[in-house]
Amino acid sequence: MLADRGRFVTRSLRPVTGPCPRSGGTRRGGRPFVASPPVPDDPDDGGGGVRVAIVGAGPAGAALALLLARAGAQVRVIERETSPGGVFRGEGLMPLGLDALRQMGLGEVVSSAPHRVVRSWRIWIDGEEVLRVPEEVGELAERSFRVVSPTALLEGILREASRNPDLVQDRGTRFTGVARDPTGRVVGVRVVRDGRHRELPCDLLVGCDGRGSPVRTHAGLALTPAREAYDVLWFKAPPPVEEPDVCDFHIMVRAGQHPLVAYTSWDDRWQCGVIMPKGGLAEFRTGDWLPPALRAAPVAYAQHVLDHRDGVSGPVRLNVMVGRAPSWSAPGVLLLGDAAHPMSPVRAQGINLALRDAVVAANHLRVLAAGRPEPGAVDGACAAIQAEREPEILRAQRLQRREARGQGDARAGTWRFTLAKQGARALGRYGWARRAWLRRQHGLRFGTTRVVLDAP
């Protein structure tokens, strides 16, 4: 992050374009592919189980690598960054994601990573707290919603995965393309590290490389963007005096202003995010960006941040794009996580659904792990993964749109915002109203389908 006032770091998450994938078939639009030369043998390939190349060591990639390596597959994780801390990642773990991690045997990794359990949700409208909803911490215990250091979490998963001798981690390695056989099937991955170009054979290439997925581009797979694309301007500040040791998740809206969310994160800093439509960043580029970023906050909170602005770090612009790939797979290729279905930041669904993707993918792929399966069996497993996961993804995106609609109403000052404000003021003091608000979030907290890791 940059501490300089008025300067911005941008994390661009738009789908990227790349060179035309190579194959013996025809690309959409009628452009012919050129078949790749035969893929040379990888000197690290000792034979045995199915060869899986995973691009991206984020939550989905790290978890899938762990599960497949345990099952006997030869797994290679290709990651551009040299350490997990080099990428902006989500840090909220809902019960649905925590369940997935514990099924993987990673409960100790989760509990040992720096984290804060979220105590309550606090809703502020026009500077007034209208609703405070306690989290079910006592009831959920280890499954309680928390914010976790994404670096520590990923390091823990990859450390556990590295116990398997058939797993290779290629950090600081950039994916540059795919190699295809004469039929157009992807049979290898092209990478570059320290200026050295290599082609590595694989039976399956898994793209866990995020919203802008180069794997998706090189595989010739499309992404259908949703209409609710927007930006989040993230920055960190010293926490309010009443919240040094607790974590409340604040949702702050004010008529005519960009909504603001904030919580005390795992690093004891107040993580703040301004949610704005595309193009909204223009108003922050001239003059002092911090006061406009705090317009939706209660006066006391805004003044606290301004009084401690020497401790403010950022801002970082997160260029959010939501959508889904109509097809998650092509011959020899599978997409998971944000590469297949980029999610909005609402209720931290990206990391949690990615972990559930990994569980389902492992269930379908582990039966193929011990040998060299027929290509048709690999492609059939990939299709089955999408068929099982897609219904929950679509429901989650609908629920995210519903929750985000209220923030848009506040920005526009619609009649729905006025009605919601009046209703929250009148009903927020009642326990049944707080419980009803939490039930409304159930699908985003616990998921909408049953995801269970099969026994080995």
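Everything that follows concerns the structure shown earlier in this document.
Remember, predicted model here, so these are calculated numbers, not experimental data.

Colleague: Is there a simple way to explain the packing of helix 1 (residues 59-70) against helix 5 (residues 150-161) in this structure?
Modeller: What describes two packed helices is the angle between their axes and the distance between those same axes. Interaxial distance between helix 1 and helix 5 falls to 9 Å at its minimum, and their mutual angle equals 20°. As the angle between them shows, helix 1 and helix 5 are arranged roughly parallel. Where helix 1 crosses over helix 5, the handedness of that crossing is left-handed. Listed contacts from helix 5 to Pro59, Ala62, Ala63, Leu66 and Arg70 of helix 1 are Leu154, Ile157, Leu158, Glu160 and Ala161. Each residue belonging to the contact of helix 1 with helix 5 can be placed in one class, and the counts come to eight nonpolar, no polar and two charged.

Colleague: How should I be thinking about the pattern of salt bridges in this particular structure?
Modeller: Any two side chains of opposite charge can pair if their charged atoms end up close together. Summed over the entire model, instances satisfying the criterion amount to 33 salt bridges. A salt bridge links Arg163 to Glu160, with the nearest nitrogen and oxygen atoms 3.1 Å apart. Here the salt bridges do not stand alone but share partners, grouping Arg119, Arg122, Glu129, Arg132, Glu243 and Asp248 into one network.

Colleague: Mind showing me how you'd approach the nonpolar core here?
Modeller: One recurring pattern in soluble globular proteins: nonpolar side chains tend to sit buried together. With 57 residues, the main nonpolar core has Trp121, Val189, Leu205 and Phe249 as its most contacted residues. Looking at which element gives the most residues to this core, the answer is helix 10 (residues 375-412), with four residues. Formed by 54 residues, the second largest nonpolar core is a distinct cluster that contains Val50, Ile54, Leu101 and Ala369.

Colleague: Would you take a moment to explain the sheet that holds strand 4 (residues 92-93) for this structure?
Modeller: Two pairing modes exist for strands in a sheet, parallel and antiparallel, and in both the strands are linked by backbone hydrogen bonds. Ordered in space as 4-8-5, the three strands form an open sheet in which the pairing is antiparallel. Here the strands that pair on one side only, and so sit at the sheet edges, are strand 4 and strand 5 (115-117). Where strand 4 lies against strand 8 (residues 146-148), two bridges are found, and the strand directions are antiparallel. Each residue of the ladder has a partner; that of Gly92, found in strand 8, is Val147.

Colleague: Hey, could you run me through the sheet that holds strand 22 (residues 333-335) in this one?
Modeller: In space, the six strands of this open sheet follow the order 9-3-2-13-22-21, with mixed pairing throughout. Single-partner strands in this sheet number two, and they are strand 9 (167-171) and strand 21 (329-330). In this structure, strand 2 (residues 51-55) lies alongside strand 13 (residues 204-207), joined through four bridges in parallel fashion. Among the inter-strand pairings, Val55 is bridged to a residue of strand 13, identified as Gly207.

Conventions and cut-offs
Residues numbered from 1 in each chain as written. Predicted model: local features only at pLDDT ≥ 70, side-chain atom pairs only at ≥ 80, totals over all residues. Heavy atoms only, no water. Axes fitted to C-alpha atoms, helices over the stretch in contact; angles between N-to-C directions. Helix = DSSP H or I, 4+ residues; strand = E, 2+ residues; numbered from the N terminus. Parallel < 35°, antiparallel > 145°, perpendicular 65-115°, else oblique. Left-handed = near helix turned anticlockwise from the far one by under 90°. Contact = heavy atoms within 4.5 Å. Nonpolar A, V, L, I, M, F, W, Y, C, P; charged D, E, K, R; others polar. Salt bridge = Lys/Arg side-chain N within 4 Å of Asp/Glu carboxyl O. Core = buried A, V, L, I, M, F, W, Y, C linked by side-chain atoms within 4.5 Å. Buried < 20%, exposed > 50% of the residue type's maximum accessible area, 1.4 Å probe, protein only. Pairing = 2+ DSSP bridges.

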